[in-house]
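Understanding the architecture of this molecule
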2 protein chains.
Amino acid sequence: MPVEDLYPSRNRTEPAILDRQDPIIHSTDFSAAPISEEQLRQYEEKGFLLLPEVFSRAEVSRFLNELNQMQQDQALLDSEVSITEPDSGALRSVFQIHHHNDLFSQVASDPRVADIARFILDDDLYIHQSRLNFKPGFNGREFYWHSDFETWHVEDGMPRMRALSASILLTDNSDFNGSLMVMPGSHRKYVSCAGETPDDYYRHSLQQQTVGTPDNHSLSYLHKQYGLESTAAPAGSVLLFDCNLMHGSNGNITPMPRSNLFFVYNAASNRCVAPFCNQPPRPEFLATRETFDILPQRSASQDRKAG
Amino acid sequence: MPVEDLYPSRNRTEPAILDRQDPIIHSTDFSAAPISEEQLRQYEEKGFLLLPEVFSRAEVSRFLNELNQMQQDQALLDSEVSITEPDSGALRSVFQIHHHNDLFSQVASDPRVADIARFILDDDLYIHQSRLNFKPGFNGREFYWHSDFETWHVEDGMPRMRALSASILLTDNSDFNGSLMVMPGSHRKYVSCAGETPDDYYRHSLQQQTVGTPDNHSLSYLHKQYGLESTAAPAGSVLLFDCNLMHGSNGNITPMPRSNLFFVYNAASNRCVAPFCNQPPRPEFLATRETFDILPQRSASQDRKAG
């Protein structure tokens, strides 16, 4: 029996704003949480939580070293998991890092982040998507406004809003170099987009998304309702945000690059089904299907700093 | 006899960073200034001065009304003084507003701004260039790093650094919607660019400048020396900045447009000569030559608020 489509999008001629049908925090006993109730309430209300400097300078250095090595790995650059800028050819993202890279696979299950995700989603977890993002200095491109869930739902078949993203900052993010802007509270509304998904759309959308982007009218409405907030923070900080939070980032002409690690935690019970559009699913490196693997639960030893 | 080129650029294969050969504040008796000595010292040190809310809300409303009427004036949109976005065709700038528009011609000589410019440049003034800038919401393009003087010198034949710009903010400028970023102190260094100026370059450069833009190495050097500062301020504020200050702005994906009026005051004694490149001068709407007119000195009556 097909799964009901609670969040239809790209199957109509006019955009619409729908209500969220799922909880934001799925656990109910807050006394068992790895972070404070105040932090949980903030996540619930705003749809995101910034945890300053969770990873040490030494850890961030190790990640950056790994990143530099990856930038020189021609086999990796040539493979489908690497996405380059349309104009300059510069590396923009590497996907599936939890799968292909030992170090980043360890980071994916780091209890300082994964334990919080596990509490919020109240389930076993798996990584729906992971990537390393580079926004180079001088000519970093913008990421236009979007809810991640809209794409994951329509193109990947993620049924419900029971997923979240963790962005681990590898460089200082300031208001100058294109840090993520969010519309706090927008995770309670779902912008159902007009238009249809073209064939093999992901090949184009990874460079620049045009279908599945919210219309100006909906964005102005959300902006008026919820305003904007910056998520600028120093390297080593972690930004957790709900799968349906409206977010985007301006370009970056400053000499300061902006790089981060990005892990999408999905509840095991929310595993992807057939996409909610008339298209085959996107490839495995963008959306886990066959490589589904429950994230190991590592003990939160003395290195836990996020609580 | 040709005027000596103190600031050569685009006539060499390698970029270079040269020292400024001109004063920043040309008047010497600070007791006669229309602003405080502290403000003057700040302008001298940083190369810019932000004057909050010089123009009232009522005045800003009047300017915005005028702007709306101009956006509907098809003859104006079709004329060479109007510049549109390369992709969308949206209006980006209207030039020579001090000449074609009664209201903005009055604003050009408003003593709250012009008196300060006259003091800093210590001379009679004329308007070298004026424009209305629109940075629309959702898809506002970036303005890449540049020193205005480099272009005015090479392409317009402005001999010396004895000019300044006044940007009058018509919308709130925040760190989200692409407010101007400056490198405070960079006005003391001149980045001499590599490359040559192509024929009729202004037709291309008004949409996107590629020649006469500083190289990454020089920008990184200036950034390291001087850092970055935001000039975010509410509508009605005035940003005064030296002709050689390195500045730029990121794109704007927010729903908030960013618009301003822009007047370039040049010292009458610094009137343009033949361009310092092997090209004819740019057209009159970009750089005053034949329409040279000393700016009338209006009495600073009770409406002066900038001091």
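As shown above, the structure is provided for reference.
Residues numbered from 1 in each chain as written. Chains lettered and ligands numbered in written order. Predicted model: local features only at pLDDT ≥ 70, side-chain atom pairs only at ≥ 80, totals over all residues. Heavy atoms only, no water.

Looking only at helices and strands, chain A has nine helices and 13 strands in total. By the compact-globule yardstick of 19 Å for 307 residues, chain A fits well, its C-alpha radius of gyration being 18 Å. Each principal axis of the C-alpha distribution contributes one length, and for chain A these read about 50 × 50 × 40 Å. Among the 307 residues that make up chain A, the fraction classed as buried is 59%. Surface exposure of chain A reaches about 12600 Å², of which carbon and sulfur atoms provide 46%. Measuring between centres, the 26 positive side-chain charges of chain A sit 3 Å from its 41 negative side-chain charges. (Helix = DSSP H or I, 4+ residues; strand = E, 2+ residues; numbered from the N terminus. Rg over C-alpha atoms; globule rule 2.2 N^0.38 Å. Buried < 20%, exposed > 50% of the residue type's maximum accessible area, 1.4 Å probe, protein only. Areas by Shrake-Rupley, 256 points an atom, 1.4 Å probe, with all protein chains shown as cover. Lys, Arg positive; Asp, Glu negative; His and termini not counted. Charge placed at Lys NZ, Arg CZ, Asp CG, Glu CD.)

With an axial shift of 0.0 Å and an RMSD of 0.0 Å, the rotation relating chain A to chain B amounts to 180°. Each copy turns onto its partner about a two-fold axis. Taken together, the interface assignments show that 100% of the residues at the interface of chain A recur at the interface of chain B, consistent with an identical surface on both copies. (Least-squares fit on C-alpha atoms with pLDDT ≥ 70 in both. Contact = heavy atoms within 4.5 Å.)

Moving on, we get to the sheet that holds strand β6 (residues 143-146) of chain A. Residue and element names in this part refer to chain A. Read from one edge to the other, the open sheet built from four strands follows the order β6-β12-β8-β10, with strand pairing classed as antiparallel. Of all strands in the sheet, those with a lone pairing partner are β6 and β10 (229-230), marking the two edges. Pairing of β6 with strand β12 (residues 247-249) involves two bridges; the strand directions are antiparallel. Bridge assignment links H146 to a residue of β12, and that residue is H247. (Pairing = 2+ DSSP bridges.)

What follows is about the sheet that holds strand β8 (residues 181-182) of chain B. Residue and element names in this part refer to chain B. The antiparallel open sheet is built from four strands, whose spatial order is β6-β12-β8-β10. In this open sheet, the two strands that pair with only one neighbour each are β6 (143-146) and β10 (229-230). Sheet topology note: the β8/strand β12 (residues 247-249) ladder contains two bridges and is antiparallel. Bridging across to β12, V182 finds its partner in H247.

On to the side chain of N173 of chain B, then. Residue and element names in this part refer to chain B. Assignment of secondary structure puts N173 in the loop between β7 (163-169) and β8. Overall, the relative accessible area of 6% leaves N173 in the buried class. Side-chain polar atoms of N173 contact the backbone oxygen of T171, separated by 2.9 Å. Beyond its immediate stretch of four places on either side in the chain, N173 contacts S179, A232, A233 and R258. (Polar contact = N/O pair within 3.5 Å; in protein donor to acceptor, adjacent residues only side chain to side chain.)

Taken together, the contact pairs 24 residues of chain A with 24 residues of chain B. Both sides together, the interface formed by chain A and chain B hides about 2000 Å², and carbon and sulfur atoms give 72% of it. For the interface between chain A and chain B, the tally reads zero salt bridges. Taken together, chain A and chain B are joined by six residue pairs in polar contact (both at pLDDT 80 or more). Of all elements in the fold, only β6, α9 (216-226), β10 and β12 of chain A reach the threshold of two or more residues within the side of chain A that touches chain B. Here the side of chain A that touches chain B takes four residues from α9 of chain A, the largest share from any one element. Classifying every residue of the side of chain A that touches chain B by side-chain character gives 11 nonpolar, 10 polar and three charged. (Buried area = accessible area lost by both parts, 1.4 Å probe. Salt bridge = Lys/Arg side-chain N within 4 Å of Asp/Glu carboxyl O. Nonpolar A, V, L, I, M, F, W, Y, C, P; charged D, E, K, R; others polar.)

Moving on, we get to helix α2 (residues 57-71) of chain A. Residues and elements named next belong to chain A. If you check α2, its first and last C-alpha atoms are 21 Å apart, about what 15 residues at 1.5 Å a residue would give, namely 21 Å. Within α2, burial applies to E59, V60, F63, L67 and M70. Projected down its long axis, α2 carries its buried residues within an arc of 100°, all on one side. Opposite the buried face of α2, at more than 90 degrees from it, the exposed residues are R57, A58 and Q69. (Expected span 1.5 Å × (residues − 1). Arc of directions from axis to C-beta.)

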